Structures are given as structure tokens and as C-alpha cells.
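Overview (structure and organization)
If you want the building blocks of each chain, they are given just below.
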Amino acid sequence: MTIYAVFFYIIAALIIAATGLAITRKHMVHAVLCLVVSFFGTALLFYLLGAPLPAIFQVIIYAGAIMVLFLFIVMMIRIDPEKTHRFPLGHYLAAGGICGAYFVAAVLLTLLSGPRARQPMPAATASPFDFGYYLFDRHWLSIEMISLLLLVALIGTLHLGLGRVGRKQKKGGGQ
Amino acid sequence: MTNWTLFIPELYSLGAAGVFFLFCLCRPDSRRDYGAAMILSALGLFLTVWSVGFQGSLFEGVYRVDLYSQVFKVLIYCGFFLAVCLCADLSGVDESRHSEFYFLLALCTLAMMLLVSCVHLLAIYIALELSSYSLYVLVYLRRGYQKGLESALKYFIMGAASSALMLFGFALVYGTGQSAYLVDLMRDLPGRINEPVVLIGFILALSGFFFKLAVFPFHFWAPDAYEGAPHQVSAYIATASKVAAIAVLIRIIALSGGQSDRLAWFLIVLSVASMTVGNLAAIAQKDLKRLLAFSSVAHAGYVMIGILSLTALGYASAVFYGMSLLVMKFTCFMVVVKASENGRNISTGDLAGLHYRAPVLALALLLALFGLAGIPPTMGFTAKLLIFTAAMKQGLLWLVIAAMFNVVISLYYYLQILKAAYFIEPEGQPPPIVVSTPLKLAAIAMILLMVAGGVYPGPVIDLAGDMTMGLFP
């Protein structure tokens with residue numbers, strides 16, 4: 001076992017533990033922080049596999065931007081940890097059953113398909129310059145559309161949030 | 001060098017959306033918004049008609065401008081313009097939200113215009129998402145309706161699920177075809193369409209468009225969204241959005257090359273299921289908008305018959321069907337908007353006495369319902385005839401028979417509406433419906449279109465044929 005493999009397994013265990021904590025915490029802020037740890041772990045994993053660009057993306061976009069947004073939302077809506085209602089056991093069993101079946105099928109397929117399936121895929125590499133050039137040269141129309149999409153999403157969230165506030169104010173006025 | 005002239009209609013729509021965005025920042029004024037929307041959408045309609053003859057390719061081949069896309073842009077803008085025409089009484093939306101309403105409507109129109117021209121999987125996906133997201137928010141804009149949030153959320157979750165499926169399908173198609181350009185896929189896919197991974201990828205890739213078109217089993221959002229949305233938005237979803245979905249669905253299915261029996265079988269199952277589910281569920285509906293939603297599901301099934309014959313004739317007939325749906329569904333929603341007070345939802349019974357309360361609307365409704373049911377001499381009859389002919393040429397007699405059974409079922413609830421409008425006396429004395437002169441003109445135009453489409457459909461059929469010719473290189 002090389003030193004890389006040792007690191008790999010340590011980080012993988014860290015990710016699984018952090019994600020497990022994230023989905024079991026009652027307190028939303030704790031859950032979000034656990035998820036940040038898990039994302040950092042994933043970034044390290046990317047780096048270890050020789051892909052520094054996705055690693056940086058993972059840190060900047062997921063651990064940085066998206067998780068901060070999550071924190072904002074958690075602070076804004078302030079869900080009571082006691083009042084969250086649980087799904088019935090049947091839902092858990094169904095979801096677990098489906099995922100388990102997929103997992104078993106995937107493992108069986110890998111085992112049965114012989115040594116060819118276990119060969120590592122050739123890595124596709126691109127420098128940040130090439131990647132950026134390609135993206136903005138070929139697909140800038142899509143990028144512009146995505147910016148419009150974000151604008152629409154922003155308006156939608158604003159509307160949802162303002163609608164709540166407006167209704168509360170109306171209720172307050174009526175009492 | 002990019003030829004920006006080709007992109008003028010889209011740039012114009014972006015500018016129109018920008019105007020409303022500026023209005024969002026100013027003091028709310030619904031009359032100003034309505035006036036601006038009428039002027040901007042009418043100008044845009046002229047602009048799209050002017051640009052029909054454009055040909056060319058933009059943005060490194062991501063964007064193709066041809067007769068097919070340009071005519072669909074005209075139709076989509078028509079849908080936008082007509083939806084704006086209904087906005088004179090926009091009481092279903094909060095006064096301070098009118099600018100946002102028009103902004104999202106304009107942006108959604110832009111997204112659909114982009115959608116029908118994109119020939120790259122990534123751009124198609126993003127344009128589809130942009131149009132869907134605008135519609136999710138528009139559905140939520142309904143004021144004072146308990147189910148508004150629920151229906152918007154249902155719409156959103158169904159949309160998110162189907163777009164996830166579509167993205168997975170795109171990934172499989174991209175993985176096997178090694179290209180995301182439709183031109184390259186067109187060369188590669190027809191020979192390999194029967195390989196399991198290609199077929200599954202292709203079918204999954206279609207699911208996003210099935211969602212837009214409300215084909216079974218992606219139709220569950222339709223009744224709730226139609227019911228919970230402001231009437232004008234329902235009208236827009238039923239007209240412009242459906243036309244765009246038909247356009248892009250034909251473009252993608254044309255990739256298969258028309259050689260795959262398995263694909264055809266899959267589409268046949270979906271088509272029959274949509275027709276049957278839509279028609280049977282529509283019978284039970286009391287709310288007029290829910291009824292129209294289920295009738296949309298059924299009509300999605302009929303459109304699929306044209307598409308699944310996988311021939312040029314079939315595609316052309318589906319295009320014609322889309323055009324006729326635009327006219328007929330708009331007419332129905334015009335009646336819904338005018339017959340409802342304060343943007344309330346109405347049931348079939350509320351139409352009682354329509355024939356003397358608003359004779360022009362009643363006549364338009366009569367023709368539209370006859371068209372939807374496929375009774376001559378209306379545009380709807382011609383459209384159904386074309387579609388059934390295309391299916392018969394492929395030897396799908398029993399599919400046509402199944403569709404005919406469905407037409408008979410649908411007659412029941414369409415005639416129920418007509419009975420309410422013409423033969424049932426209203427309780428008490430409902431006030432006559434005031435129809436403004438522009439709307440009266442719109443109603444008369446719709447009546448003329450529906451009759452002309454039934455009596456003399458030749459030029460439109462030729463146009464549909466020319467449009468779809470361009471899909472086969």
C-alpha cells in the first residue's frame with residue numbers, strides 16, 4: 001500500500017463520517033458545518049487524484065459559496081429542531097431498499113464483467129486556461145442563459161420570502 | 001464572425017425583458033405595465049414575422065436559424081402577445097407584482113425562442129430550464145388562492161425530477177455519440193439507435209420535453225398548475241409553452257432517423273396512455289381550468305401520434321397540430337378570463353347563458369371546442385386528419401382507431417361545456433360580460449383563423465412541410 005492509498009482511505013473515511021453526521025444532526029447549523037468538512041475532504045480527494053482544478057472549484061463553489069448560502073437560509077427561516085416531523089418507517093425502508101438494490105446490482109455487474117471493467121479510465125486533463133477558453137469561446141450563449149436563469153431564481157426566492165413577510169404583516173395587522 | 005442580424009429578435013426580447021426589469025424597480029403602475037407590454041409584444045411579433053426568412057448559424061454552430069426555428073419563434077411570440085392581450089384585467093396577480101409578471105413572461109418567451117433554435121444539447125438543456133423556472137415563479141404569482149404555493153411546488157418538483165432524468169439521458173447520448181452537436185449526432189445516432197444504451201439515453205433525454213408537453217407519465221403537474229396559476233399564465237402554458245415543446249421534441253426525435261421500431265413502440269405506448277388518461281380524467285373535472293389541463297394531456301397524446309410516425313409527413317402534421325392548438329386553447333382561455341370575476345376560478349356551470357351575455361365569445365368558444373374535439377369544418381379537424389393520415393401511412397390502423405375512441409370520449413366533456421354555454425339558463429341575473437373592442441377583434445380573428453384552417457388549410461400545411469424539410473440534412 002503506497003502512501004497515496006493510505007491518505008486516500010483516511011480522507012474517504014473522513015468524508016463518510018462527516019456526511020453521516022451531516023444527515024443525522026438535528027441542529028441545522030451543525031449539519032451544514034459537517035457538510036463543509038465533507039466538501040473539503042472531497043476537494044482533498046480530487047487533489048490527491050491529480051486534479052487540482054476541480055479541487056479548487058470544490059472549495060470555492062461548494063464549500064465556500066453554496067454552504068454560506070445554506071447558512072444564510074438556515075438562519076433566515078430558523079426551523080425549530082423539535083418540531084421537524086419524521087417520515088414513516090415505510091418511506092425509509094422503500095428508499096433504502098431501492099438504493100440497496102442499485103448498490104448490489106452495481107457491485108454484481110462489476111464483479112461479473114471480468115477484469116476489463118476494473119481497468120482505470122484514462123484521465124482527461126485540461127489546463128484552467130484551456131478550459132476557460134473553451135467554455136467562454138464555444139458556450140458563452142449558455143453562460144449568458146445561466147446568468148438569466150440565476151436572475152429568475154433570485155426573483156423567485158425574493159418573491160417567496162417577501163410573500164411570507166407580507167402575509168405575516170397582514171396577520172399582525174388583523175389581530 | 002458572428003452575424004448579429006440573425007440574433008435581432010432574441011436581442012429585442014431581451015431588451016423588452018430589460019424594460020420590465022427597470023419597471024420592477026420603479027413605483028408599481030399596472031396601466032403603464034400593460035400598455036408597455038402590449039406595445040413591446042406587438043412590435044416583437046412584427047419583428048419575428050420580419051425575420052422569418054433568416055438563415056444561418058451562430059456561436060460556433062450552437063445556434064441555428066432556419067425556417068423551422070423562425071416560424072416557431074413567430075408562433076411563440078404570438079402566444080406571448082395573445083397572453084398579454086388577456087392581461088387588461090390582471091386581477092389574479094398582486095398589483096405590485098405586475099412588472100415582475102411581465103418581466104418573467106418576456107424572459108420565458110426569450111428562453112423558448114432560444115430553445116427552438118439551439119442545436120447543442122447543453123444549450124437546449126439550459127434554455128429549457130430557463131423557460132421552466134420563469135413559469136414556476138409565474139405560477140406562484142397567483143394572489144389570494146390557497147393552492148397557489150402547492151401547485152407551484154408540485155410543478156417545480158416534477159420539473160426538477162424530469163430535467164434530472166433528461167440530463168442523465170443527455171449524458172448517455174453524449175457519451176455514445178461523442179458530441180453534443182445535433183448535427184454530429186444526426187450522422188451517428190440513426191445507425192446505433194437500437195443499441196440498449198443509446199435507446200435508453202435517447203428516451204431519458206426526451207423526458208424533459210414530455211414534461212413540458214404534459215405527456216403521460218409526466219403530466220401530474222398540469223391540472224394543479226393550470227388551476228393554481230393566474231389565468232393568463234395558464235393560457236401561456238397551454239399555448240406558447242406547448243408549441244415550443246412540440247418544436248424541440250420534433251427536432252430531437254428527428255435525430256433518431258426514423259428507423260427504430262422500438263422507439264416508435266415506446267412512443268405509441270406513451271401516446272395512447274396520455275390520450276386515455278387525459279380524456280377519462282377530464283370527464284370528472286368541475287373546474288374549467290383543470291378540465292382544459294387534462295384536455296391538454298389528451299392533445300399531447302394526439303400530437304405524439306404525428307411525431308411517432310417518424311416521417312416528414314408526421315412531423316409536418318405535428319407542427320400543424322401545434323399551430324391549431326395555439327389558436328384553440330387561446331380561445332378557450334379567453335373565455336375563461338372574461339367569464340371569471342376578479343380572477344376567480346370558474347366551473348363549467350358558470351358559463352351558463354354565455355350566448356347572450358357575450359355572443360362573440362360564445363361563438364368563438366363553440367368553434368374552439370369543435371376544433372378540440374375534431375369536428376369539421378374547423379382547424380382542429382384538419383389537424384387531426386393530417387395526423388391520422390400520417391399514422392395510417394405507417395400502417396398504424398389500430399392506433400388511429402384507439403385515437404378515434406378517445407375523440408368520442410372527449411366529445412362528451414366538450415359538449416358538456418357547450419351545453420352550459422348555450423342551453424342552460426343561469427340562476428338569477430348575471431351581468432352581461434363586457435368585451436372590449438380589441439378583445440372582440442381578437443375573438444373575431446380567432447374565429448376566422450379556425451374556420452380558415454378548416455376550409456382552406458393548404459398554405460399552412462405547405463409551410464409546415466417546408467419547415468420540417470429542413471430537419472433532414
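Residues numbered from 1 in each chain as written. Chains lettered and ligands numbered in written order. Predicted model: local features only at pLDDT ≥ 70, side-chain atom pairs only at ≥ 80, totals over all residues.

A tally of helices and strands in chain A yields 6 helices and 0 strands. Mapped in sequence order, the helices and strands of chain A form the string α-α-α-α-α-α. In chain A, which comprises 175 residues, the share counted as buried stands at 10%. Restricting the contact set of chain A to residue pairs at least 6 apart, pairs at least 24 apart contribute 49%. (Helix = DSSP H or I, 4+ residues; strand = E, 2+ residues; numbered from the N terminus. Buried ≥ 20, exposed ≤ 12 C-beta atoms within 10 Å, placed from the backbone. Contact = placed C-beta atoms within 7 Å.)

This part is about the overall build of chain B. When its secondary structure is counted, chain B shows 19 helices and 2 strands. Overall, the C-alpha framework of chain B stretches about 65 × 55 × 40 Å when taken along its three principal axes. Here chain B holds 473 residues, and the buried ones make up 57% of them. For chain B, restricting intrachain contacts to residue pairs at least 6 apart in sequence, the fraction spanning at least 24 positions comes to 81%.

The next point concerns helix H4 (residues 89–112) of chain A. Residue and element names in this part refer to chain A. When the terminal C-alpha atoms of H4 are compared, their 34 Å separation across 24 residues agrees well with the 34 Å that a helix rising 1.5 Å per residue should span. Along H4, only 0 of the 24 residues are buried, which leaves the element largely exposed. In the stretch just after H4, glycine 114 is the one whose phi turns positive, near 80°. (Expected span 1.5 Å × (residues − 1).)

Further remarks concern the nonpolar core. Side chains of nonpolar character tend, in soluble globular proteins, to be buried together. In terms of nonpolar packing, the biggest core is built from 188 residues, with Leu115, Ala127, Ala244 and Leu249 of chain B touching the most fellow members. With 19 residues, the top contributor of residues to this core is helix H13 (residues 312–339) of chain B. In this structure leucine 115 of chain B touches Ile124, Ala127, Leu128, Ser131, Ala244 and Val248 of chain B, once residues within four positions along its chain are discounted. Among the nonpolar cores identified, the runner-up in size contains 5 residues, and Leu35, Val36, Ala43 and Ala63 of chain A belong to it. (Core = buried A, V, L, I, M, F, W, Y, C linked by C-beta atoms within 7 Å.)

Bringing unusual backbone geometry into the picture now. For residues other than glycine, phi is negative in most cases, and the peptide bonds are mostly trans. All names here are of chain B. The residue after phenylalanine 216, namely proline 217, is reached through a cis peptide bond having omega 0°. In the segment running from proline 376 into proline 377, the intervening peptide bond is cis, with an omega of 5°. With respect to the element layout, proline 377 can be found in the loop between helix H15 (359–373) and helix H16 (379–393). Phi is positive for glutamate 60, which is not a glycine, with a value near 55°. Among the structural elements, glutamate 60 can be located in the loop between strand E1 (56–58) and strand E2 (63–65).

Before going further, it helps to examine the confidence of the model for chain B. In this model, chain B carries an average pLDDT of 87, and 99% of its residues clear a pLDDT of 70 or more. Quick note on the complex model: pTM equals 0.87, ipTM equals 0.85. (pLDDT = per-residue confidence, 0-100.)

Turning our eyes to something else, we now look at the confidence of the model for chain A. Residues and elements named next belong to chain A. Per-residue pLDDT for chain A averages 81, and the proportion of residues at 70 or more is 86%. Averaged over each element, pLDDT in chain A is lowest for helix H6 (residues 140–174) (73) and highest for helix H1 (residues 3–24) (91). Long-range and interchain partners of residues 170–175, a stretch whose pLDDT sits below 50, account for 0 contacts in this model, where long-range means more than four residues apart.

Let us now look at the interface of chain A and chain B. Each side of the interface is counted separately: chain A has 13 residues, and chain B has 19 residues. Considering each element in turn, the side of chain A that touches chain B owes the most residues, 11 residues, to H6 of chain A.

Attention now moves to the packing of helix H1 (residues 8–25) of chain B against helix H2 (residues 30–50) of chain B. Residue and element names in this part refer to chain B. In the contact formed by H1 and H2, the axes pass within 10 Å of each other and the chain directions differ by 175°. Classified by the angle between their axes, H1 and H2 sit roughly antiparallel to one another. Contact with H1, carried on its side by Ile8, Pro9, Tyr12, Ser13, Ala16, Val19 and Phe23, involves Asp33, Ala36, Leu40, Gly44, Leu47 and Thr48 of H2 and no other residues of that element. (Axes fitted to C-alpha atoms, helices over the stretch in contact; angles between N-to-C directions. Parallel < 35°, antiparallel > 145°, perpendicular 65-115°, else oblique.)

It is worth spelling out the environment of serine 96 of chain B at this point. All names here are of chain B. Mapping serine 96 onto the fold places it in the loop between helix H3 (67–85) and helix H4 (98–117). On the basis of neighbour count, serine 96 is assigned to the partly exposed category, with 14 C-beta atoms found within 10 Å. Distance from serine 96 to proline 28, taken between C-alpha atoms, is 5.2 Å for residues 68 residues apart in sequence.

A word on the packing of H3 of chain B against H4 of chain B. Packed helices, taken two at a time, are described by the angle their axes make and the gap between the axes. Residue and element names in this part refer to chain B. Taken N-terminus to C-terminus, the directions of H3 and H4 make an angle of 165°; their axes are 9 Å apart at the nearest point. The orientation of H3 with respect to H4, classified from their angle, is roughly antiparallel. Considering only the axes of H3 and H4, their crossing is right-handed. Where H3 abuts H4, its residues Ser69, Phe72, Lys73, Ile76, Tyr77, Phe80 and Ala83 lie against Leu105, Thr109, Met112, Met113, Val116 and Ser117. Looking at the contact of H3 with H4 residue by residue, the class counts come to 9 nonpolar, 3 polar and 1 charged. (Left-handed = near helix turned anticlockwise from the far one by under 90°. Nonpolar A, V, L, I, M, F, W, Y, C, P; charged D, E, K, R; others polar.)

So, about helix H17 (residues 397–422) of chain B. Between its first and last C-alpha, H17 of chain B extends 36 Å over 26 residues, near the 38 Å set by a 1.5 Å rise per residue. Here the buried face of H17 of chain B lies against helix H11 (261–283), helix H12 (288–308), helix H14 (354–357), H15 and H16 of chain B.

What follows covers the environment of alanine 244 of chain B. Residue and element names in this part refer to chain B. Relative to the helices and strands, alanine 244 resides in helix H10 (residues 231–253). For the pair alanine 244 and valine 116, spaced 128 residues apart in the sequence, the C-alpha separation amounts to 6.5 Å. Every residue in contact with alanine 244, bar those within four places of it in the chain, is listed here: Phe72, Ile76, Met112, Leu115, Val116 and Ser131.

Let's shift gears to the environment of aspartate 94 of chain B. Residue and element names in this part refer to chain B. Residue placement: aspartate 94 occurs in the loop between H3 and H4. Exposure remark for aspartate 94: the 19 C-beta atoms within 10 Å place this residue in the partly exposed category. The sequence separation of aspartate 94 and arginine 143 amounts to 49 residues, and the corresponding C-alpha distance is 5.7 Å.

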